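Below, each chain spelled out in residue letters.
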Amino acid sequence: MVMALDSLQDVGDDALMVLYANGDQTAAQSLALRHSARMMGLAYRMLNDQTEAEDIAQEALMRLWKIAPDWRQGEAKVSTWLYRVVSNMCTDRLRRKRGAALDDIPEPEDDAPSAEETLQQQARFSKLHTALNALPERQKLAVSLRHIDELSNPEIADVMEISVEAVESLTSRGRRALAKILAAEKDQLGYTT
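Residues numbered from 1 in each chain as written. Predicted model: local features only at pLDDT ≥ 70, side-chain atom pairs only at ≥ 80, totals over all residues. Heavy atoms only, no water.

### A word on the overall build of the chain
- Looking only at helices and strands, the chain has eight helices and zero strands in total.
- Put simply, the chain runs from its N terminus to its C terminus through helices and strands in the order α-α-α-α-α-α-α-α.
- Every one of the 193 residues in the chain was classed for burial, and the buried ones make up 37%.
- Within the chain, residue pairs in contact and separated by at least 24 positions form 62% of the contacts whose partners lie at least 6 positions apart. (Helix = DSSP H or I, 4+ residues; strand = E, 2+ residues; numbered from the N terminus. Buried < 20%, exposed > 50% of the residue type's maximum accessible area, 1.4 Å probe, protein only. Contact = heavy atoms within 4.5 Å.)

Here's what the structure looks like:
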């Protein structure tokens, strides 16, 4: 039985996986709509490349579809599984690209209107993005998952396959490093306190 996309809004991810495994393409669409933006966001923050981020998100969803018939409810959350897949795929791509210097990677072009508030917000985002890229890879991933994707420490621990204590340590060190990097930029970014 195929269900309408609107009727699946309140259906949990595990149930959607079962529906998809039983041939319901609408369940697959619902899962993709629910998770693709966050997957692309994580991939973009790690790779700094929109096209590669889209490829990674699409590949992660393809892998999810392939394992749907074997999905075991309760072992992992679909979102956690997807974050792990995306972060691993990004790490693999970064390792293959190690020869390229970070300075050689162009900044993405911005097509936003030139309103002062929009420009300042973009400057803040750019400085944060640059500061995140200055962090070691594991700190960057932990801080992004915690403060941008708003995952809990146990969820991050599952994604990164480390202990909750290690997550707390990575995010704490990452926040301190970001604060230090961004402290000199405070006035320029329009923060008065």
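Further notes follow.
### Focus on the pattern of salt bridges
- If you walk through the whole model with that rule in mind, you get six salt bridges.
- Here aspartate 13 makes a salt bridge to arginine 34, at a shortest N to O gap of 2.6 Å. Of this pair, aspartate 13 sits in helix α1 (residues 13-21) while arginine 34 sits in helix α2 (residues 25-47), placing them 21 residues apart in sequence.
- Assessed through its relative accessible area of 17%, aspartate 13 is described here as buried. (Salt bridge = Lys/Arg side-chain N within 4 Å of Asp/Glu carboxyl O.)

### Overview of the nonpolar core
- Grouped together as the largest cluster of nonpolar side chains are 40 residues, with contacts concentrated most on Leu64, Trp65, Leu82, Val86, Leu145 and Met160.
- Secondary-structure elements contributing two or more residues to this core are α1, α2, α3 (50-67), α4 (78-96), α6 (137-148), α7 (153-160) and α8 (164-183).
- Here the element with the most residues in this core is α2; it accounts for 10 residues.
- Residues in contact with tryptophan 65, not counting those within four places in the same chain, are Tyr20, Ala28, Leu31 and Ala32.
- Among the nonpolar cores identified, the runner-up in size contains five residues, and Ala131, Leu132, Leu135 and Val143 belong to it. (Core = buried A, V, L, I, M, F, W, Y, C linked by side-chain atoms within 4.5 Å.)

### Some thoughts on the packing of α1 against α2
- Packing of α1 against α2 leaves a shortest axis separation of 7 Å and a crossing angle of 145 degrees. Two packed elements cross with a definite hand, and for α1 against α2 that hand is left-handed. Where α1 approaches α2, its residues Asp13, Leu16, Met17, Leu19 and Tyr20 are matched on the opposing element by Gln25, Ala27, Ala28, Ser30, Leu31, Arg34 and His35.
- Each residue belonging to the contact of α1 with α2 can be placed in one class, and the counts come to seven nonpolar, three polar and two charged. (Axes fitted to C-alpha atoms, helices over the stretch in contact; angles between N-to-C directions. Left-handed = near helix turned anticlockwise from the far one by under 90°. Nonpolar A, V, L, I, M, F, W, Y, C, P; charged D, E, K, R; others polar.)

### A word on α3
- Along its 18 residues, α3 runs 26 Å from first to last C-alpha, staying within 8% of the 26 Å computed at 1.5 Å per residue.
- Of the positions making up α3, those classed as buried are Glu52, Ala53, Ile56, Ala57, Ala60, Leu61, Leu64 and Trp65.
- Turning to α3, the residues buried within the fold contact α1, α2 and α4.
- The N-terminus of α3 is capped by aspartate 49, whose side-chain oxygen sits 3.0 Å from the backbone nitrogen of threonine 51. (Expected span 1.5 Å × (residues − 1). Polar contact = N/O pair within 3.5 Å; in protein donor to acceptor, adjacent residues only side chain to side chain.)

### Remarks on a positive patch on the surface
- On the surface, a cluster of positive charge is contributed by Arg146, Arg173, Arg175 and Arg176.
- Of the residues forming the positive patch, the biggest block, three residues, is contributed by α8.
- Inspection of the secondary structure puts arginine 175 in helix α8. (Patch = residues over 30% accessible without salt bridge, like charges linked within 9 Å, V, L, I, M, F, W, Y side chains within 5 Å. Areas by Shrake-Rupley, 256 points an atom, 1.4 Å probe, with all protein chains shown as cover. Lys, Arg positive; Asp, Glu negative; His and termini not counted. Charge placed at Lys NZ, Arg CZ, Asp CG, Glu CD.)

### Here's the deal with unusual backbone geometry
- Despite not being glycine, asparagine 48 has its phi angle at roughly 60 degrees, a positive value.
- Looking at the secondary structure, you find asparagine 48 in the loop between α2 and α3.

### Digging into the environment of arginine 146
- Here arginine 146 shows up in helix α6.
- Separated by 21 residues in the primary sequence, arginine 146 and valine 167 place their C-alpha atoms 9.2 Å from one another.
- Sequence-distant contacts of arginine 146, that is, excluding residues within four places in its chain, are made with Leu151, Ser152, Asn153, Ile156 and Thr171.
- There is a polar contact of 3.5 Å between the side chain of arginine 146 and the side chain of asparagine 153.

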